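Here's the letter readout for the chains.
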Amino acid sequence: MEITPGKQLTLEMLKEARDTVMNSPLGVVNTPLIPLSQTALPLDVTYNLYIKMENMQRTGSFKIRGVANQFARRPKGGHFVTMSAGNYGKSFAYASKHYGSRGKVLMPETAPATRSSVITVSDL
C-alpha cells in the first residue's frame, strides 16, 4: 500500500494497515478501550468518552503501530536512521532488532540519559 499526495484514504487501505500491524513480528497488542466512567476521573458532565490503553504495548505507546507498518514496507536487512528522543525512537530501535535491520536513532544532546539508555537497550 502506497499513499501518494492527493490520494484519498479508503477503508480498504485502513484494513490493510491494520492487518500488516497485527501480523508483524513486533507483538503489537490489540489494546482495550475503557469507558472513562470506569476510571476515577471526576467529571460532572454527561459524556461518552473512552480511553485507548496504548500504554499496554510492549514499547509503551501507539508508535509501535506506525513503525510496524513502515518496517513491513522496507527492504529486509537494510540500514535506517531516524531522529527521535521519544516513543518513536524507542519503537524504531525495537523494530530494527526484530526485522534484522541496522537502525540508528539520533537524539538531541538535551535528551534525558534515561531515554537514551532505554533506546540503546531496546530489547524491552
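Residues numbered from 1 in each chain as written. Predicted model: local features only at pLDDT ≥ 70, side-chain atom pairs only at ≥ 80, totals over all residues. Heavy atoms only, no water.

As for the packing of aromatic side chains
Enumeration according to the criterion identifies four aromatic pairs in this entry. Geometrically, the ring pair formed by Phe71 and Tyr99 is tilted, given 5.4 Å between the ring centres and 40° between the ring planes. With Phe71 in helix α2 (residues 63–72) and Tyr99 in the loop between α3 (87–98) and β4 (102–106), the pair connects residues that are 28 residues apart, well separated along the chain. Across the pair, Tyr99 and Phe71 agree in class, each one buried. Ring-pair connections join several aromatic residues into one group, and the members of that group are Phe71, Phe80, Tyr88, Phe92 and Tyr99. Looking at Arg74, its charged tip hangs above the ring of Phe71, at a distance of 4.3 Å from the centre. (Phe/Tyr/Trp six-rings, centres within 6.5 Å; stacked < 30°, edge-to-face > 60°. Helix = DSSP H or I, 4+ residues; strand = E, 2+ residues; numbered from the N terminus. Buried < 20%, exposed > 50% of the residue type's maximum accessible area, 1.4 Å probe, protein only. Lys NZ or Arg CZ within 6 Å of the ring centre and 35° of its normal.)

Points about α2
Within α2, the full set of buried residues consists of Ile64, Val67, Ala68, Asn69 and Phe71. Where the residues of α2 are buried, they touch α1 (11–22) and α3. (Contact = heavy atoms within 4.5 Å.)

Regarding the packing of α1 against α2
Following both chains from N to C, one finds α1 and α2 inclined at 90°, their axes separated by 9 Å at the closest point. As the angle between them shows, α1 and α2 are arranged roughly perpendicular. Counting all contacts with α1, which are made through Ala17, Thr20, Val21 and Met22, the residues of α2 involved are Arg65, Ala68, Asn69 and Ala72. For the contact of α1 with α2, the class distribution of residues is five nonpolar, two polar and one charged. (Axes fitted to C-alpha atoms, helices over the stretch in contact; angles between N-to-C directions. Parallel < 35°, antiparallel > 145°, perpendicular 65-115°, else oblique. Nonpolar A, V, L, I, M, F, W, Y, C, P; charged D, E, K, R; others polar.)

What about α1?
Helical geometry: 3.6 residues make up each α-helical turn, so side chains three or four residues apart lie on a common side. Between its terminal C-alpha atoms α1 stretches 16 Å, which fits the 16 Å expected from twelve residues at 1.5 Å a residue. Buried within α1 we find Met13, Ala17, Thr20 and Val21. Projected down its long axis, α1 shows its buried positions confined to an angular sector of 95°, all on one face. Those residues of α1 that are exposed and angled more than 90 degrees off the buried face are Leu11 and Glu12. Where α1 is buried, its residues touch α2. (Expected span 1.5 Å × (residues − 1). Arc of directions from axis to C-beta.)

Describing the confidence of the model for the chain
For the chain, mean pLDDT is 86; residues scoring 70 or higher make up 86% of the total. Confidence scores differ between elements of the chain, with helix α4 (residues 113–121) showing the lowest mean pLDDT of 81 and α1 the highest of 95. (pLDDT = per-residue confidence, 0-100.)

A closer look at the pattern of salt bridges
For the structure on display, the rule yields three salt bridges. Two residues, Asp19 and Arg18, come together in a salt bridge whose shortest N-O distance is 3.4 Å. When its relative accessible area of 37% is taken as the criterion, Asp19 is described as partly exposed. For Arg18, a relative accessible area of 48% gives the class partly exposed. Among the ionic pairs, Arg65 bridges to Glu54, the shortest N-O distance being 2.9 Å. (Salt bridge = Lys/Arg side-chain N within 4 Å of Asp/Glu carboxyl O.)

Points about the nonpolar core
Leu26, Val28, Phe71 and Ala95 are the most contacted members of the largest nonpolar core, which totals 15 residues. At the level of elements, α2 and α3 are the ones that each hand at least two residues to this core. Among all residues touching Phe71, those that are not within four sequence positions of it are Lys76, Phe92, Ala95, Ser96, Tyr99 and Ser101. (Core = buried A, V, L, I, M, F, W, Y, C linked by side-chain atoms within 4.5 Å.)

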